[in-house]
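Structural overview for review
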Amino acid sequence: MWGGRFSGEPDAVMADINTSIDVDRKLFRQDIAASRAHAEMLREQGVIAPQDAQRIAHGLDTILSEIETGKFEFKRDLEDIHMNVEARLAELIGPAAGRLHTARSRNDQVATDFRLWIRDAIDEIDASLAAYQRALAEQALAHAATVMPGFTHLQTAQPVTFGHHLLAYVEMAARDRGRFSDARKRLNECPLGAAALAGTSFPLDRAMTAKKLGFDRPAANSLDAVSDRDFVLETLAAAAIAAVHLSRFAEEIVMWTSPLIGFVRLSDKFTTGSSIMPQKRNPDAAELVRAKTGRITGALNALLMVMKGLPLAYQKDMQEDKEGAMDALAALSLCLAAMTGMVRDMTPDPDRMHAAAGLGYATATDLADWLVQNLKMPFREAHHVTGRIVAAAEKAGVMLDRLPLPAMQAIEPRITMDVFRVLSVERSVASRTSFGGTAPKNVRTQARKWLSRLGEKQK
């Protein structure tokens with residue numbers, strides 16, 4: 001490839017550290033698509049002869065078929081996917097293959113290939129996130145009125161519904177999809193034609209190439225086109241945030257499936273046993289989702305460190321942009337499949353959830369609100385009175401709705417029997433009708449809206 005300048009062979013270690021074919025072979029479809037577009041544009045511009053362009057297109061089709069059927073031999077001494085394809089093209093069509101590299105460099109070639117690959121990966125992840133949202137929304141609709149405890153500080157706070165809890169993750173996934181969508185919009189500029197760093201003297205039609213590859217436009221600055229990987233960083237940032245959201249839910253599944261809590265049960269499909277303890281049912285899928293978040297966020301940090309000190313333009317450091325990103329996005333896709341499967345598989349225990357919802361004096365806020373609404377107390381005073389009533393209930397060893405009215409009236413004489421209307425967990429959740437609240441009718445409305453938005457027909 002550069003034999004005109006070099007006369008000696010590289011050291012074996014140099015070959016090992018320099019070779020990237022083991023990783024960038026995954027770009028074969030994108031590399032061949034970009035080469036086809038480049039050759040067609042060169043033909044249209046009169047840079048290469050029509051017959052050479054035809055031979056190149058036929059040869060590229062053959063190579064694509066060979067790779068897809070496993071007949072292609074990838075050679076490590078050819079370093080990367082670009083040179084492997086070009087070398088095989090030369091074997092197939094002869095000297096015409098050498099014309100394909102006119103007016104391009106591996107610098108703009110790899111930047112184009114990787115943008116195409118990242119774009120495809122984003123589209124796949126978006127579809128997976130949508131499937132995850134559908135699974136959550138379906139369960140939310142089914143359990144719009146299933147009462148469970150809501151937590152702050154992992155302490156019982158106020159009753160909510162299981163459906164409301166699940167819809168929180170639907171909203172998170174929606175923002176995740178928005179971040180990936182934004183990243184896709186920004187990456188959708190075509191580097192081809194930037195060449196090594198300065199552009200080229202050949203009369204290219206870069207807009208034509210960009211259009212053929214589905215880009216919105218050609219990249220406007222040749223230095224920037226070949227030397228930045230912010231499109232990978234932004235995608236990895238979106239992936240890291242999405243993975244953190246999945247990890248938070250995975251942690252809840254781990255806790256909920258513990259016999260100590262027992263809110264939900266997973267079937268044999270998403271649990272494993274123990275080699276020594278026959279009774280065990282371990283939520284390993286959820287635990288591994290939680291763990292894989294580390295490698296996804298790690299890939300983002302690793303590439304940030306690669307890029308932080310690089311002057312313009314291309315540096316070989318950027319060869320490290322692919323392995324971590326490919327691994328991270330594959331891990332995220334696997335995590336999404338696992339989480340979607342667990343959501344569809346989980347069976348809640350409404351009785352356990354309901355019993356837990358009443359623990360910890362979870363309707364205390366409802367009592368304080370009743371004092372404000374019915375006795376016209378300032379909220380701070382109502383808060384203080386409610387605290388004293390909770391203390392009395394705790395001392396008596398009963399729940400709030402089981403504390404006798406005289407005991408409450410000993411603290412606040414104006415309290416009437418009407419207060420017991422708001423002290424059950426069902427009344428509590430039903431009263432939270434503000435927009436975004438946990439009232440079952442709100443949850444049903446929101447779940448149906450999401451399912452409609454996601455393409456599910458609802459009765």
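For the structure itself, consult the block above.
A few points on the structure. (Residues numbered from 1 in each chain as written. Predicted model: local features only at pLDDT ≥ 70, side-chain atom pairs only at ≥ 80, totals over all residues. Heavy atoms only, no water.)

With that settled, consider the overall build of the protein. Each helix and strand counted, the protein has 18 helices and six strands in total. The C-alpha radius of gyration computed for the protein amounts to 30 Å, which surpasses the reference 23 Å derived for 459 residues by more than 25%, pointing to a less compact arrangement than a globule. Here the C-alpha coordinates of the protein stretch approximately 100 × 55 × 45 Å along the principal axes. Across the 459 residues that make up the protein, the buried fraction comes to 47%. Look at the contacts in the protein between residues 6 or more apart in sequence, and 75% of them connect residues 24 or more apart. Here the protein carries 57 positive and 57 negative side-chain charges, and the mean point of each set is 7 Å from the other. (Helix = DSSP H or I, 4+ residues; strand = E, 2+ residues; numbered from the N terminus. Rg over C-alpha atoms; globule rule 2.2 N^0.38 Å. Buried < 20%, exposed > 50% of the residue type's maximum accessible area, 1.4 Å probe, protein only. Contact = heavy atoms within 4.5 Å. Lys, Arg positive; Asp, Glu negative; His and termini not counted. Charge placed at Lys NZ, Arg CZ, Asp CG, Glu CD.)

The next point concerns unusual backbone geometry. Residue Leu-312 is joined to Ala-313 through a cis peptide bond whose omega torsion reads 5 degrees. By the secondary structure assignment, Ala-313 is in the loop between helix 11 (284-307) and helix 12 (321-345). Of note, the phi angle at Glu-79 is positive, near 75 degrees, even though the residue is not glycine. Mapping Glu-79 onto the fold places it in the loop between helix 4 (50-68) and helix 5 (81-93). The exposure class assigned to Glu-79 is buried, which follows from its relative accessible area of 9%.

On to the packing of aromatic side chains, then. Evaluation of the coordinates by the stated rule reveals six aromatic pairs. Ring geometry for Phe-162 and Trp-256: centres 5.8 Å apart, planes at 65 degrees, overall edge-to-face. Taken together, the residues span a long stretch of sequence, with Phe-162 in helix 7 (residues 162-187) and Trp-256 in helix 10 (residues 230-256) at a distance of 94 residues. In this pair, the class of Phe-162 matches that of Trp-256, namely buried. Linked through ring pairs, Phe-162, Tyr-169, Phe-249 and Trp-256 together constitute an aromatic cluster. Lying over the aromatic face of Trp-450, Arg-453 brings its terminal NZ or CZ to 4.0 Å of the ring centre. (Phe/Tyr/Trp six-rings, centres within 6.5 Å; stacked < 30°, edge-to-face > 60°. Lys NZ or Arg CZ within 6 Å of the ring centre and 35° of its normal.)

This part takes up the side chain of Asp-113. Along the chain, Asp-113 falls in helix 6 (residues 106-142). Salt bridges are absent for the buried Asp-113, whose nearest opposite-charge side chain, Arg-104, sits at 6.7 Å. Sequence-distant contacts of Asp-113, defined by excluding residues within four places in its chain, comprise Leu-27, Gln-30, Asp-31, Ala-34 and His-82. (Salt bridge = Lys/Arg side-chain N within 4 Å of Asp/Glu carboxyl O.)

Time to look at the pattern of salt bridges. By the definition in use, this model includes 29 salt bridges. The shortest N-O distance in the salt bridge between Arg-229 and Asp-321 comes to 2.7 Å. In this pair, Arg-229 is assigned in the loop between helix 9 (222-227) and helix 10 and Asp-321 in helix 12, connecting sequence segments 92 residues apart. Of the residues examined, Arg-229 reaches a relative accessible area of 1% and is grouped as buried. Connected through shared salt-bridge partners, Arg-36, Glu-40, Asp-61 and Lys-212 make up one network.

Our next topic: helix 11. The end-to-end C-alpha distance of helix 11, which contains 24 residues, comes to 35 Å, matching closely the 34 Å that a straight helix rising 1.5 Å per residue would cover. Considered for burial, the residues of helix 11 that qualify are Ala-285, Ala-286, Val-289, Thr-293, Ile-296, Ala-299, Leu-300, Leu-303 and Met-307. (Expected span 1.5 Å × (residues − 1).)

The next thing to look at is the packing of helix 6 against helix 18 (residues 440-453). Two numbers describe how helix 6 lies on helix 18: the axes approach to 9 Å, and their chain directions differ by 150 degrees. Taken together, the axes of helix 6 and helix 18 lie roughly antiparallel to each other. Between helix 6 and helix 18 lies a crossing of left-handed hand. On helix 18, the residues touching Gln-133, Arg-134, Ala-137, Glu-138, Ala-140 and Leu-141 of helix 6 are Val-443, Arg-444, Ala-447, Arg-448, Trp-450 and Leu-451. Here the contact of helix 6 with helix 18 is composed, by residue class, of seven nonpolar, one polar and four charged. (Axes fitted to C-alpha atoms, helices over the stretch in contact; angles between N-to-C directions. Parallel < 35°, antiparallel > 145°, perpendicular 65-115°, else oblique. Left-handed = near helix turned anticlockwise from the far one by under 90°. Nonpolar A, V, L, I, M, F, W, Y, C, P; charged D, E, K, R; others polar.)

Before going further, it helps to examine the side chain of Thr-235. Structurally, the position occupied by Thr-235 is in helix 10. Beyond its immediate chain neighbours, meaning those up to four positions away, Thr-235 contacts Ile-118, Ile-122, Phe-180, Ala-183, Leu-187 and Leu-329.

Along the chain, Ala-219 turns up in the loop between strand 4 (217-218) and helix 9. The buried category is assigned to Ala-219, whose relative accessible area is 5%. C-alpha separation for the pair Ala-219 and Pro-191, spaced 28 residues apart in sequence, amounts to 5.3 Å. Here Ala-219 is in contact with Glu-189, Cys-190, Pro-191, Arg-206 and Ala-225, once residues within four sequence places are set aside.

For the rest of this paragraph, the subject is a nonpolar patch on the surface. Together, Leu-197, Leu-223 and Leu-312 make up an exposed nonpolar region whose accessible area comes to about 260 Å². Take Leu-197: it is sitting in the loop between strand 3 (189-190) and helix 8 (206-212). (Patch = residues over 30% accessible without salt bridge, like charges linked within 9 Å, V, L, I, M, F, W, Y side chains within 5 Å. Areas by Shrake-Rupley, 256 points an atom, 1.4 Å probe, with all protein chains shown as cover.)

Here we take up the nonpolar core. By size, the foremost hydrophobic cluster in this structure holds 99 residues, and its most contacted members are Tyr-132, Phe-249 and Leu-332. When residues of this core are assigned to their parent elements, the largest contribution, 15 residues, is made by helix 10. Residues contacting Tyr-132, with those up to four places away along its chain left out, are Tyr-169, Ala-173, Leu-246, Phe-249, Leu-336, Met-339, Thr-340 and Val-343. Counting 22 residues, the second largest nonpolar core, distinct from the first, contains Tyr-361, Leu-371, Ala-382 and Val-390. (Core = buried A, V, L, I, M, F, W, Y, C linked by side-chain atoms within 4.5 Å.)

Of note, Met-172 is situated in helix 7. Relative accessible area serves as the criterion here: at 12%, Met-172 is assigned to the buried category. C-alpha separation for the pair Met-172 and His-245, spaced 73 residues apart in sequence, amounts to 7.0 Å. In this structure, Met-172 is in contact with Arg-179, His-245 and Arg-248, ignoring residues within four places of it in sequence.

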